[in-house]
Amino acid sequence: MSYSGERIKKMLPKEYLRKHVAHEIYTALTHFNRLEPVVDLYVYNDGTKKNLMSLTGTIPVLYDDKTYNIPVCVWLEETYPLSAPICYVRPTREMMVLRGKYISSNGEVMLPYLEEWKHGECDLVSLLQVMTAMFGDFPPVCMQPQPEPTEQTSCWLQFQRESEVSTRDESLYLLLDREDGQPFLQENETNC
């Protein structure tokens, strides 16, 4: 979806420096087109809740000569650009956070760029570029390890597939599909 500066400005709650923040968000979206501006409820550690603007989506990160789309959320408080954004990696269900030098166990991004934030010298595009570079050196997420299927697991999975019960000659038949979706052939039937 395309966002104009005016559309972004209208999305921003009135407490923001709307013209400046809208321009920065618009500029960031031209460089990082998989991000989207979203106003949502942010819950602080002390339980306080506020509607804040965020940039949510993915940023491209080059790691081992491959590009990965890392899911992030960059929250802007009403005091932005005087205060630094609050940034998180947002792993999908298949991913897990890699706690490290710049990432907490809950996915919060803790970069020196954020800690040394200076109004007038720091901006969203530069922040996202720093995140992209740092995540290439220190990946913030990885794929969840897949457990090795055990005999019990494969049996359980087999019965989780859709099955159909039919009756013939006053007997019950359980019809299971093969993994490729085709029915078993009659010569593969057994009597139990």
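Let me sum up the structure you'll find in this document. Fair warning: this is a prediction, and the values are worked out from it, not measured in the lab.

1. As for the overall build of the protein chain
Thinking step 1. Per the secondary structure count, the protein chain includes 5 helices and 8 strands.
Thinking step 2. Going from N to C terminus, the protein chain has its helices and strands arranged as α-α-β-β-β-β-β-α-α-β-α-β-β.
Thinking step 3. When the accessible surface of the protein chain is totalled, it reaches about 13200 Å², and 50% of it is carbon and sulfur.

2. A word on the packing of aromatic side chains
Thinking step 1. Using the criterion set out here, one finds 6 aromatic pairs in the structure.
Thinking step 2. Here the aromatic rings of Tyr80 and Trp117 are separated by 5.8 Å at their centres, their planes lie at 50°, and the arrangement is tilted. Residue Tyr80 is found in the loop between strand S3 (66–76) and strand S4 (86–89), and its partner Trp117 is found in the loop between helix H3 (112–115) and helix H4 (124–137); the two are separated by 37 residues along the sequence.
Thinking step 3. Through a chain of ring-to-ring contacts, the aromatic side chains of Tyr42, Tyr44 and Trp75 assemble into a single cluster.

3. Section: the nonpolar core
Thinking step 1. In terms of nonpolar packing, the biggest core is built from 47 residues, with Ile25, Ile59, Val74, Leu76, Val109, Met131 and Phe135 touching the most fellow members.
Thinking step 2. Contributions of two or more residues to this core are made by helix H2 (18–31), strand S1 (35–43), strand S2 (49–63), S3, S4, H3 and H4.
Thinking step 3. With 7 residues, the top contributor of residues to this core is H4.

4. Points about unusual backbone geometry
Thinking step 1. With an omega of 15°, the peptide bond running from Tyr80 to Pro81 counts as cis.
Thinking step 2. Along the polypeptide, Pro81 turns up in the loop between S3 and S4.
Thinking step 3. Notably, Asp64 is not glycine yet its phi reads approximately 50°, a positive angle.
Thinking step 4. In this structure, Asp64 sits in the loop between S2 and S3.
Thinking step 5. A positive phi is found at Asp65, a non-glycine position, where the angle reads about 60°.
Thinking step 6. As for its placement among the helices and strands, Asp65 is situated in the loop between S2 and S3.

5. Structural notes on the pairing of S1
Thinking step 1. Relative to S2, S1 runs antiparallel, the two being bridged by 9 bridges. By the bridge assignment, Val43 is partnered in S2 with Lys49.
Thinking step 2. As consecutive antiparallel partners, S1 and S2 are separated by 5 residues, and within that stretch Gly47 has a phi angle of approximately 95°, a positive value.

6. Focus on H4
Thinking step 1. The end-to-end C-alpha separation of H4 is 20 Å, in line with the 20 Å expected for 14 residues at 1.5 Å each.
Thinking step 2. Within the span of H4, buried status applies to Leu124, Val125, Leu127, Leu128, Met131, Thr132, Met134, Phe135 and Gly136.
Thinking step 3. If you follow the buried residues of H4, they end up packed against H2, S1, S2, S3, S4 and H3.
Thinking step 4. Structurally, the start of H4 carries an N-cap: the backbone nitrogen of Val125 is 3.2 Å from a side-chain oxygen of Asp123.

Conventions used here
Residues numbered from 1 in each chain as written. Predicted model: local features only at pLDDT ≥ 70, side-chain atom pairs only at ≥ 80, totals over all residues. Heavy atoms only, no water. Helix = DSSP H or I, 4+ residues; strand = E, 2+ residues; numbered from the N terminus. Areas by Shrake-Rupley, 256 points an atom, 1.4 Å probe, with all protein chains shown as cover. Phe/Tyr/Trp six-rings, centres within 6.5 Å; stacked < 30°, edge-to-face > 60°. Core = buried A, V, L, I, M, F, W, Y, C linked by side-chain atoms within 4.5 Å. Buried < 20%, exposed > 50% of the residue type's maximum accessible area, 1.4 Å probe, protein only. Pairing = 2+ DSSP bridges. Expected span 1.5 Å × (residues − 1). Contact = heavy atoms within 4.5 Å. Polar contact = N/O pair within 3.5 Å; in protein donor to acceptor, adjacent residues only side chain to side chain.

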